[in-house]
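Chains, contacts and geometry: an overview
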Amino acid sequence: MTPPTHIGLLDTSVVISLGHLSESDLPTYPVISAVTLAELSAGPLVTSNGQERQRRQLVLQMTESSFDPLPFDDACARRFGEVAAALRASGRTTRARAFDALIAATALAHDLPVFTANPDDFSGIPGLEIREVIS
């Protein structure tokens, strides 16, 4: 069993599922990246299904009112270079999982574990602590 973490960076997959998750699976103080907010902002705009658009808009609005996102700053940008290089060395590209690579860089810059429902999206990134959340 993994010891509890007090502060952790939530991946977008976890933010989307927050209403269905147990608090015991989450950090005491969850934070998000501005990248997650960007990803959620695109969600309502990229679906043609009206009901799904409303659901995504609600998730975006709840997230905006609940979190003060960590910015993607110069420290994150430098860590992104390391993430991109590690992914390329492992045969993966950052293009396929660009948001995940930017979220990973934010976590590394702030020395935080990433809480995600999709741990494979973050595999192969040296120094990144990944906490799987089952939704």
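Our subject is the structure listed above.
Residues numbered from 1 in each chain as written. Predicted model: local features only at pLDDT ≥ 70, side-chain atom pairs only at ≥ 80, totals over all residues. Heavy atoms only, no water.

1. Things to note about the environment of valine 31
- Residue position: valine 31 is located in strand E2 (residues 29–31).
- In this structure, the C-alpha to C-alpha distance between valine 31 and leucine 112, residues 81 residues apart in sequence, is 9.5 Å.
- Residues in contact with valine 31, not counting those within four places in the same chain, are Ile7, Gly8, Leu9, Leu10, Phe67, Leu70 and Leu112. (Helix = DSSP H or I, 4+ residues; strand = E, 2+ residues; numbered from the N terminus. Contact = heavy atoms within 4.5 Å.)

2. Section: the nonpolar core
- Counting 16 residues, the largest nonpolar core has Leu9, Val83, Ala104, Val114, Phe122, Ile125 and Leu128 as the members making the most contacts within it.
- If you list the elements that add at least two residues to this core, you get helix H4 (74–89) and helix H5 (98–109).
- By residue number, the principal contributor to this core is H5, which donates 6 residues.
- Residues contacting valine 83, with those up to four places away along its chain left out, are Ala101, Ala104, Ala105, Leu108 and Ile125.
- Among the nonpolar cores identified, the runner-up in size contains 13 residues, and Leu21, Leu26, Ile32 and Leu60 belong to it. (Core = buried A, V, L, I, M, F, W, Y, C linked by side-chain atoms within 4.5 Å. Buried < 20%, exposed > 50% of the residue type's maximum accessible area, 1.4 Å probe, protein only.)

3. What about the sheet that holds strand E3 (residues 114–116)?
- The strand order across the open sheet formed by 4 strands is E2-E1-E3-E4, and the pairing between neighbours is parallel. Looking at which strands have only one partner, the edges of the open sheet turn out to be E2 and strand E4 (130–132). Neighbour-to-neighbour, the strand axes of the sheet open up by a mean angle of 35 degrees, direction not taken into account. (Pairing = 2+ DSSP bridges. Axes fitted to C-alpha atoms, helices over the stretch in contact; angles between N-to-C directions.)

4. A short note on unusual backbone geometry
- For aspartate 111, which is not glycine, the phi torsion reads 55 degrees and is therefore positive.
- Note on placement: aspartate 111 falls in the loop between H5 and E3.
- Using a relative accessible area of 70% as the deciding quantity, one classes aspartate 111 as exposed.

5. Some thoughts on the pattern of salt bridges
- This model, assessed by the stated rule, comprises 7 salt bridges.
- Residues arginine 79 and glutamate 82 are paired through a salt bridge, measuring 2.9 Å at the closest nitrogen-oxygen approach. Residue arginine 79 and its partner glutamate 82 are both found in helix H4; the two are separated by 3 residues, about one turn of the helix.
- Take glutamate 82: its relative accessible area is 46%, and that puts it in the partly exposed class.
- For the salt bridge of arginine 97 with aspartate 100, the shortest nitrogen-to-oxygen distance reads 2.6 Å.
- Accessibility expressed as a relative area gives 4% for aspartate 100, which makes it buried.
- Several salt bridges share partner residues, and in doing so they unite Glu52, Arg55 and Arg56 into one network. (Salt bridge = Lys/Arg side-chain N within 4 Å of Asp/Glu carboxyl O.)

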